[in-house]
Amino acid sequence: MTGKTHIAIGIVAGLTISAELPLENQLILISASALGSLIPDLDHPKAKLNQKLLFIKNKLYRTLFYLSISAGFLQLYVNTQNNIFSLLGFTSFFIGISSHRSFTHSIIGFLASISIVKLFAVKFNLPYIYNGFVIGYASHLVADFFTIKGIKLFYPSKTNISSPIIIKTNNCLENLIFVLLSLYSIILLFNNVMV
């Protein structure tokens, strides 16, 4: 699926889950859900977030970028013994060396990423960041499960898992889903404002 569809799914999921929360918590949860919906594609050099992070949008530069970040975090871990730096270092390492829809689209990548966010959320008492991130990340995996390539859910196993119902990336059906999600978001926003 395209980045815009992942964001739309993340926002709809966040809006739906946060409907009963105070406005400030809604905004935190929805923002975290939108971000979480983009994180799994850090393994692709032309993904939405990598468009902002990478100067050169190719596999070699993406690999070097994330391996450099990994080395920095692991050095911070050695200096501080703070476990969050260790998790960030190893997660960045696997993002750097993995192919698209492998580590970041797996149970291991999901658990590593949400563990990092959980450590931040607990430290700063921001549970809605964690909840939103988990919802957004999970929504990304579910959406990519419906693509032809599927996901390597059990990475490091190389087996792709996909749904028997396939949605081709950036085709008419995905574009229709995006439009419907956008309309649904507007309806949810309107209902939340009117309450």
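Worth saying up front: this structure is predicted, and the values here are computed from it rather than measured. (Residues numbered from 1 in each chain as written. Predicted model: local features only at pLDDT ≥ 70, side-chain atom pairs only at ≥ 80, totals over all residues. Heavy atoms only, no water.)

## Side note on the nonpolar core
Thought 1: Counting 18 residues, the largest nonpolar core has Phe133 and Tyr137 as the members making the most contacts within it.
Thought 2: Counting only elements with at least two residues in this core, the list comes to α4 (59-80), α6 (107-123) and α7 (127-145).
Thought 3: Here this core takes five residues from α6, the largest share from any one element.
Thought 4: Discounting chain neighbours no more than four positions away, the residues touching Phe133 are Ala32, Ser33, Gly36, Ile39, Ser113, Ile114 and Val117.
Thought 5: Formed by seven residues, the second largest nonpolar core is a distinct cluster that contains Met1, Ala8, Ile9 and Leu181. (Core = buried A, V, L, I, M, F, W, Y, C linked by side-chain atoms within 4.5 Å. Buried < 20%, exposed > 50% of the residue type's maximum accessible area, 1.4 Å probe, protein only. Helix = DSSP H or I, 4+ residues; strand = E, 2+ residues; numbered from the N terminus. Contact = heavy atoms within 4.5 Å.)

## Structural notes on the layout of surface pockets
Thought 1: Size it by volume and the largest pocket reaches roughly 580 Å³.
Thought 2: Around the largest pocket sit 23 residues that line it, and Ile39, Leu88, Ile116, Val117 and Phe133 are the ones nearest its centre.
Thought 3: Residue assignment for the lining of the largest pocket shows that the elements contributing at least two residues are α2 (23-36), α3 (48-53), α4, α5 (83-97), α6 and α7.
Thought 4: At five residues, α6 tops the list of elements feeding residues into the lining of the largest pocket.
Thought 5: Grouping the amino acids of the lining of the largest pocket by side-chain chemistry returns 20 nonpolar, three polar and no charged.
Thought 6: By volume, the second largest pocket amounts to about 180 Å³. (1 Å grid on protein atoms, 1.4 Å probe; cavity = no way out; pocket = protein on both sides within 12 Å on 5 of 7 lines; lining within 4 Å. Points joined across faces, edges and corners; volume = space filled by probe spheres on them. Nonpolar A, V, L, I, M, F, W, Y, C, P; charged D, E, K, R; others polar.)

## Section: the environment of Ser162
Thought 1: Inspection of the secondary structure assignment puts Ser162 in the loop between α7 and α8 (172-194).
Thought 2: Taking the C-alpha atoms as reference points, Ser162 and Thr147, separated by 15 residues in sequence, lie 6.6 Å from one another.
Thought 3: Contact partners of Ser162, with chain neighbours within four places excluded, come to Phe145, Thr147, Ile148 and Gly150.

## Observations regarding the pattern of salt bridges
Thought 1: Across all of its chains, the model carries one salt bridge by this definition.
Thought 2: Its salt-bridge partner being Arg101, residue Asp144 comes within 3.5 Å of it at the nearest N-O pair. Placement of Asp144 in helix α7 and of Arg101 in the loop between α5 and α6 is noted, with a sequence separation of 43 residues between them. The burial state of Asp144 is the same as that of Arg101; both residues are buried. (Salt bridge = Lys/Arg side-chain N within 4 Å of Asp/Glu carboxyl O.)

## Structural notes on the packing of α5 against α6
Thought 1: Packing of α5 against α6 leaves a shortest axis separation of 10 Å and a crossing angle of 150°. The orientation of α5 relative to α6 falls into the category roughly antiparallel. Handedness of the crossing formed by α5 with α6: left-handed. Contacts between α5 and α6 involve Ile84, Leu87, Leu88 and Thr91 from the former and Ala112, Ser113, Ser115, Ile116, Leu119 and Phe120 from the latter. (Axes fitted to C-alpha atoms, helices over the stretch in contact; angles between N-to-C directions. Parallel < 35°, antiparallel > 145°, perpendicular 65-115°, else oblique. Left-handed = near helix turned anticlockwise from the far one by under 90°.)

## Some details on a nonpolar patch on the surface
Thought 1: A contiguous nonpolar patch, built from Leu173, Leu176, Val179, Leu180, Leu183 and Ile186 and spanning about 550 Å² of accessible area, is present on the exposed surface.
Thought 2: Summarising the element assignment, Leu173 is placed in helix α8.
Thought 3: Classification of Leu173 as partly exposed rests on a relative accessible area of 41%. (Patch = residues over 30% accessible without salt bridge, like charges linked within 9 Å, V, L, I, M, F, W, Y side chains within 5 Å. Areas by Shrake-Rupley, 256 points an atom, 1.4 Å probe, with all protein chains shown as cover.)

## Let's talk about the packing of aromatic side chains
Thought 1: Inspection of the entire model under this criterion finds nine aromatic pairs.
Thought 2: Look at Phe103 and Tyr155: their rings are 5.9 Å apart centre to centre, the planes differ by 70°, and that puts the pair in the edge-to-face class. Of the two residues, Phe103 is situated in the loop between α5 and α6 and Tyr155 in the loop between α7 and α8; the sequence distance between them amounts to 52 residues. An identical accessibility class is assigned to Phe103 and Tyr155; each is buried.
Thought 3: The structure contains a cluster of three or more aromatic residues connected by ring pairs, namely Phe93, Phe94, Phe103 and Tyr155.
Thought 4: Geometry around Phe178 places Lys4 over its ring, the cationic atom sitting 4.8 Å from the centre.
Thought 5: A cation over an aromatic ring shows up here: Lys118 above the ring of Tyr130, its NZ or CZ 4.8 Å from the ring centre. (Phe/Tyr/Trp six-rings, centres within 6.5 Å; stacked < 30°, edge-to-face > 60°. Lys NZ or Arg CZ within 6 Å of the ring centre and 35° of its normal.)

## Considerations on helix α1 (residues 3-17)
Thought 1: The end-to-end C-alpha distance of α1 is 21 Å, a good match for the 21 Å that 15 residues give at a rise of 1.5 Å each.
Thought 2: Every buried residue of α1 is accounted for by Gly3, Thr5, His6, Ala8, Ile9, Gly10, Val12, Ala13, Gly14 and Leu15. (Expected span 1.5 Å × (residues − 1).)

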